[in-house]
Amino acid sequence: MSKRKPTKAKSQKDKHDDDRESLAFKVLLESQTKELLDVDVDEMQLKLADMMNLPSHLTDLKEAAVLDYYTSGVWWGKEQNFTPQQLSGFFTVLHILLENVKEKHLSTVENLKELKKMLVGIGPENMDGSGGLDFFDLNQAKAVADYLYTSLFQHYKLYEFMFTHLQAEEIIGTDLEVEVAKPASMPWPPPLEEGVSEEIHSEYIATPPPTPPPETVAETVEMKSEGAEGDRTDETPSKEADLLAQLSPEEIKAILMSVAKEMFGGLQSDVANKLRERETSIINRINKVHKVADH
């Protein structure tokens, strides 16, 4: 006679322990979720950057992509008229799947299995437990799965590449030219609004030049001596001009001829002596040539 093994009926408490805790308000609090539902997309992006601690999203491509991923998801949930509980649970799903790529480096298939676990229990006929999203109905769950496919899984390789490679740093420099104003002695730019001429402006409006320092006794004596020498040099050309004015043209011509003879007389004799020496040298060479020819 065979014995039947005793079976243990699973109590309601054990079944409740197996159910996963609700995913609503795990990442976004209820107050934060309601706040996001009341703003436009630009303000929503700024609030999510603060909530998710993404301070460098304007310069860091990785933070910018993550912020865009979260903002697109929350805005889509708002367009689907999700309640704060549904939107918060949906955001938790977004966060968990992205963290699986970033931290756990799960493959596409493994991350799809994680999504499947979270979708368990949706629908009144499914009593096998809850994955934490039982506040969605079947149509909403299908819409969530379709959105995750087009937003995350369809670009899974790009997200893997983004989280495994460092961003190249680029240093951009800009040369800034600054035009410095002129000294305070002259107004800058010129005072066109007064409508006055330059002479009137220079005489009555412009700042006068600084007073020169007093001269010492030594400088005064030196300037006087330099002035006396200058007067002497200035007087000499005037005296020569007076003497030339007293002579007639014939006298000036005779003076120039005598000066020319004195200057060029010696030069003429030197040229004649050199010509004679050159002539003698040439004759001697010719005589030598004749002697060589006779022999």
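Anyway, here's the lowdown on the structure attached to this text. This one's a predicted model, so the numbers in the text were calculated from it and none came from an experiment.

Quick notes on the rules
Residues numbered from 1 in each chain as written. Predicted model: local features only at pLDDT ≥ 70, side-chain atom pairs only at ≥ 80, totals over all residues. Heavy atoms only, no water. Helix = DSSP H or I, 4+ residues; strand = E, 2+ residues; numbered from the N terminus. Buried < 20%, exposed > 50% of the residue type's maximum accessible area, 1.4 Å probe, protein only. Contact = heavy atoms within 4.5 Å. Areas by Shrake-Rupley, 256 points an atom, 1.4 Å probe, with all protein chains shown as cover. Core = buried A, V, L, I, M, F, W, Y, C linked by side-chain atoms within 4.5 Å.

1. Digging into the overall build of the chain
- On a plain count of helices and strands, the chain comes out with 11 helices and zero strands.
- The order of helices and strands in the chain, counted from the N terminus, is α-α-α-α-α-α-α-α-α-α-α.
- Within the chain, buried positions represent 22% of all 295 residues.
- For the chain, long-range pairs separated by at least 24 residues make up 60% of all intrachain contacts whose partners lie at least 6 apart in sequence.
- Here the chain has roughly 23,200 Å² of accessible surface; of this, 57% comes from carbon and sulfur atoms.

2. So, unusual backbone geometry
- The backbone of Phe-25 sits at a positive phi, close to 60°, despite the residue not being glycine.
- Of the residues examined, Phe-25 reaches a relative accessible area of 28% and is grouped as partly exposed.
- Phi at His-105 takes a positive value of approximately 55°, unusual for a residue other than glycine.
- Relative to the assigned elements, His-105 resides in the loop between helix H5 (84–104) and helix H6 (108–119).

3. Digging into the nonpolar core
- Counting 43 residues, the largest nonpolar core has Phe-90, Leu-97 and Leu-148 as the members making the most contacts within it.
- Breaking this core down by element, the ones donating at least two residues are helix H2 (30–37), helix H3 (41–51), helix H4 (61–79), H5, H6, helix H7 (138–151) and helix H8 (156–164).
- Ranked by residue count, the leading element in this core is H5, at eight residues.
- Residue contacts for Leu-97: discarding those within four places in its chain leaves Tyr-69, Asn-111, Leu-115, Met-118, Leu-148, Leu-152 and Phe-153.

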